[in-house]
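Analysis of the macromolecular model
One-letter residues, chain by chain:
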Amino acid sequence: TATLKKDLLRRRQRSAYQRRNPKTSGELMLKFFNAVTSLSRIYGSLKEKSGESPRQPKRGSMQTYFLFVIIPMILGFWAQSRIRSAYSKYSAVPTQYGMSGAQAARKMLDQGGLQNVQIERVEGTLTDHYDPTKRVLRLSQGVYDSASVASVGVACHEAGHAYQHAAAYPWLTL
């Protein structure tokens, strides 16, 4: 019960942080899109003032834009919402042995002979990643401390990237 109380307190603190900092990836993407649109308008007006005719869009450019920008954005938002939904669902399910995400990742790394990979706690929610340049596994607060199925799954997934790095997996360098 003490662990459940700690988890409940952490969730309340996280939700208070999210209310104070409501930046979501959707809001950031919208700001970026607005900035790019504004810059293109400014560029077009500067070309008009200089006497050059502004570049006319080629026929079919909207379809190309839709194909290569809008559809991947929609798929990205859909995938992100599915991940967040699954994470919130399984973060309420405790692990059988009470092992936190950081402990599970450390055990996995040690068993694989990767004792030189450090594990650090970082701010944010689902900001977990493996940094191959510094050989550091960074876990978000909820994943690092929580003893839930979701936390252990995320931590072991990120530890898997350290295994890939050690095995010189070619796709990791992309």
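Residues numbered from 1 in each chain as written. Predicted model: local features only at pLDDT ≥ 70, side-chain atom pairs only at ≥ 80, totals over all residues. Heavy atoms only, no water.

**Side note on the overall build of the protein**
In plain terms, the rule: Each helix is a run of DSSP H or I of at least 4 residues and each strand a run of E of at least 2, with the numbering of both proceeding from the N terminus. Exposed residues in this analysis have more than 50% of their type's maximum accessible area, buried residues have under 20%, and partly exposed residues fall in between, with area computed by a 1.4 Å probe over protein chains only. Contact between two residues is taken to exist if any of their heavy atoms lie within 4.5 Å; hydrogens are not considered. For the area figures, the Shrake-Rupley method with a 1.4 Å probe applies, and any residue is considered shielded solely by the protein chains shown.
Across its full length, the protein holds six helices and three strands. Traced from its N-terminal end to its C-terminal end, the protein shows the element sequence α-α-α-α-β-β-β-α-α. When each of the 174 residues of the protein is scored for burial, the buried share is 22%. Of all intrachain contacts in the protein linking residues separated by at least 6 positions in sequence, the fraction that spans at least 24 positions is 58%. Carbon and sulfur atoms form 61% of the exposed surface of the protein, whose accessible area is close to 12,700 Å².

**Side note on helix α6 (residues 149–166)**
The periodicity of an α-helix, 3.6 residues per turn, causes residues three or four places apart in sequence to face the same way. Spelled out, the test is: Each helix should span, by expectation, one fewer than its residue count multiplied by 1.5 Å.
The terminal C-alpha atoms of α6, which comprises 18 residues, lie 26 Å apart, in line with the 26 Å expected from a rise of 1.5 Å per residue. Within α6 the residues assigned to the buried category are A150, S151, V152, V154, A155, E158, A159 and A162. Once α6 finishes, A168 follows within two positions and takes phi at roughly 55°, a positive value.

**As for the side chain of S140**
Note that S140 resides in strand β3 (residues 136–140). Residue S140 is classed as buried on the basis of its relative accessible area of 1%. Each residue touching S140, except ones within four places of it in the same chain, is listed here: V122, G124, T125, L126, T127 and D128.

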